[in-house]
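A structural walkthrough
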Amino acid sequence: MTRHDSLQSGRLPLVSVLATGGTIAGRSTRQGSSANYRSGVVSGDDLLAAVPGLSAAARLRSHQVANIGSEDMTSDVWLDVVRAAGRELDDPDVAGVVVLHGTDTMEETAVFLDCLLHHRKPLVMTGAMRPADAVSPDGPANILAAVQTAVCPAASDRGVLVVFNADIHAARRVRKTDSMAVNAFSSWGGPEGRVVDGEPVFFRPASSREGLPIFSMAGLDVLPRVDIIYGHAGQERGLVDAAVAAGAWGLVHAGVGMGNIHSAVRPALAEAVAGGVAVVCATRVVDGPVPLTEKIRRDGFIAAGFMNPAKARVLLQLALTRGDWTRGGIQALFDRYSLA
Ligand code: SIN
C-alpha cells in the first residue's frame, strides 16, 4: 500500500522495521560518552517508541532479526536479514521496509540486500553514530527520515537506500567516510537526495535497474570465503599465500592508487588465478575507480570499478555462488553494478 493508497483509505501506510543492532541500539558505558558504549542492547521496539512524531508518518511493525554490533556481522545474519526483508516486501500490506543496522558494515549489508532483493518497494537502511542514551542521539531523527523515505512513492525502483543525517544514498555508491561524525556517510557522485522537512526530495530520476546483478536467494545457504588483502609499501606475498591455503575462493586486493599491486605480491595473485581463485583489483583510495587496464587483464584479474574493497568482496562472494562463473562474467557484473 503506497502513501497515496493509504490517504485514499484514510489509513497510514505500514512500514516494517527490521532491527539488527548497532550504535543506534547502544548504551553508554560512561555517562555522556559517545565513544564508550555497548552496541546492540536496546530493542527495535524501544528505539521506535523513542522517536517523536513517528506514529504520524506510518503504521509500524518491527522484528528483531539480531542485536549485534555490525563489526560482528556474518553471512548467517545477512541471510536472516535478506529473508526477513524479502518476506516483508512480499506482503501486499507493507509499503516499505526499514533496516536498523550498525554503521560500520552498513555499506556491505546494503550491497548484499541490493543484489538479492528485486522488489520495487523502498528498502531503507539507517543507523546512528551516537548511542541511544547519548546527550543528543542521532538515531531518532535518522529513523524518522528513513520511515518517511520508506513510504515515499519516489523512493521506489531505486534499490536499497541508506538514509543518514537527512541524506539519501544508493547502496552501490554509499560508503562510511567518517569514523565519528554524525554525517558519517557520503556517496561518490553525490547522494540520491535529501529528506527536507519530512519530505524526501530526489536529485535525479531512478536509474534503470534492468540487468543489474540478479542473484537468487533460492538455495543460498553459505557464501564462499573471500579475503581482502591490503596493499602497502613493503608488502610481501605471504598473506596472499595464506589466504589461498586457508581456502579462499576469491581475493580482493585493496591496491594502492589505481589498484596498483606491489611487484612482490603480483606473482602470488597470478598464481592464485591459475589455481582457480578469482582476484578482484580494488583500491584503498577513497574516491575514484579501478578501470580494467592491460595490467589487470593480462594476469586474469578483475577490475572493481567504483566498488570499494569491502563492497567488492560482497559482490565477488555472490558472483562465486554461481557454479559456472568466468572471469569475463564477473567483470561484466562489476562493470554493470558499479557504473549503474
Ligand atoms: C556498529 O557498526 O555496530 C557500531 C558502529 C555504529 O553503529 O555506528
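Below or above, wherever it landed, is the structure these notes cover.

Analysis parameters
Residues numbered from 1 in each chain as written. Predicted model: local features only at pLDDT ≥ 70, side-chain atom pairs only at ≥ 80, totals over all residues. Heavy atoms only, no water. Pairing = 2+ DSSP bridges. Helix = DSSP H or I, 4+ residues; strand = E, 2+ residues; numbered from the N terminus. Contact = heavy atoms within 4.5 Å. Axes fitted to C-alpha atoms, helices over the stretch in contact; angles between N-to-C directions. Core = buried A, V, L, I, M, F, W, Y, C linked by side-chain atoms within 4.5 Å. Buried < 20%, exposed > 50% of the residue type's maximum accessible area, 1.4 Å probe, protein only. Near = heavy atom within 4 Å. Polar contact = N/O pair within 3.5 Å; in protein donor to acceptor, adjacent residues only side chain to side chain. Areas by Shrake-Rupley, 256 points an atom, 1.4 Å probe, with all protein chains shown as cover. Nonpolar A, V, L, I, M, F, W, Y, C, P; charged D, E, K, R; others polar. Left-handed = near helix turned anticlockwise from the far one by under 90°.

**What about the sheet that holds strand β14 (residues 250-255)?**
Sheet strands pair by backbone hydrogen bonding; their relative direction is either parallel or antiparallel. Taken in spatial order, the four strands line up as β13-β14-β15-β16 in an open sheet, and their pairing is parallel. Here the strands that pair on one side only, and so sit at the sheet edges, are β13 (226-230) and β16 (302-303). One ladder, built from five bridges, connects β13 with β14; its direction is parallel. What sits directly across from I228, in β14, is V252. This element, helix α6 (residues 238-245), spans β13 and β14 of the sheet and lies at about 175° to β13. On top of the sheet, helix α9 (residues 309-320) reaches β13, β14 and β15 (278-283); it is set at about 160° to β14, its chief contact.

**Focus on the nonpolar core**
By size, the foremost hydrophobic cluster in this structure holds 56 residues, and its most contacted members are F112, L113, L123, M125, L316, L318 and F334. Excluding residues that lie within four positions of it along the chain, L318 makes contacts with F112, C115, L116, F215, L220 and L223. By size, the runner-up hydrophobic cluster in this structure holds 29 residues, among which are I24, L47, V98 and A128.

**Here we look at the site of the ligand**
Near the ligand you find G22, T23, Y37, S39, G69, S70, E71, G102, T103, D104, A128 and M129, and these make up its full shell. Taking T103, its side chain carries an N or O atom lying 2.5 Å from an oxygen atom of the ligand. Relative to its unbound accessible area of 250 Å², the ligand is 96% covered by the protein chains. Each residue belonging to the shell around the ligand can be placed in one class, and the counts come to three nonpolar, seven polar and two charged.

**A look at the packing of helix α4 (residues 106-116) against α9**
Between α4 and α9, the least distance of the axes is 9 Å, while the angle of their chain directions is 30°. In the crossing of α4 with α9, the sense of the turn from one axis to the other is right-handed. Touching E107, E108, V111, F112, C115 and L116 of α4 are A310, K311, R313, V314, L315 and L318, all from α9. In the contact of α4 with α9, the residues fall into eight nonpolar, no polar and four charged.

**Section: the sheet that holds strand β5 (residues 94-100)**
Here eight strands make up an open sheet; going across it, the order is β4-β1-β5-β6-β7-β8-β11-β12 and the pairing mixed. For this open sheet the edge positions go to β4 (59-68) and β12 (199-202), each flanked by a neighbour on one side alone. Put simply, the sheet's adjacent strands are angled 25° from each other on average, direction ignored. Note that strand β6 (residues 123-126) and strand β7 (residues 160-164) share three bridges and pair parallel. Within β7, the position partnered with M125 by the bridge is V162. The strands touched by helix α3 (residues 75-90) within the sheet are β1 (14-21), β4, β5 and β6, with β4 carrying the most contacts at an inclination of about 170°.

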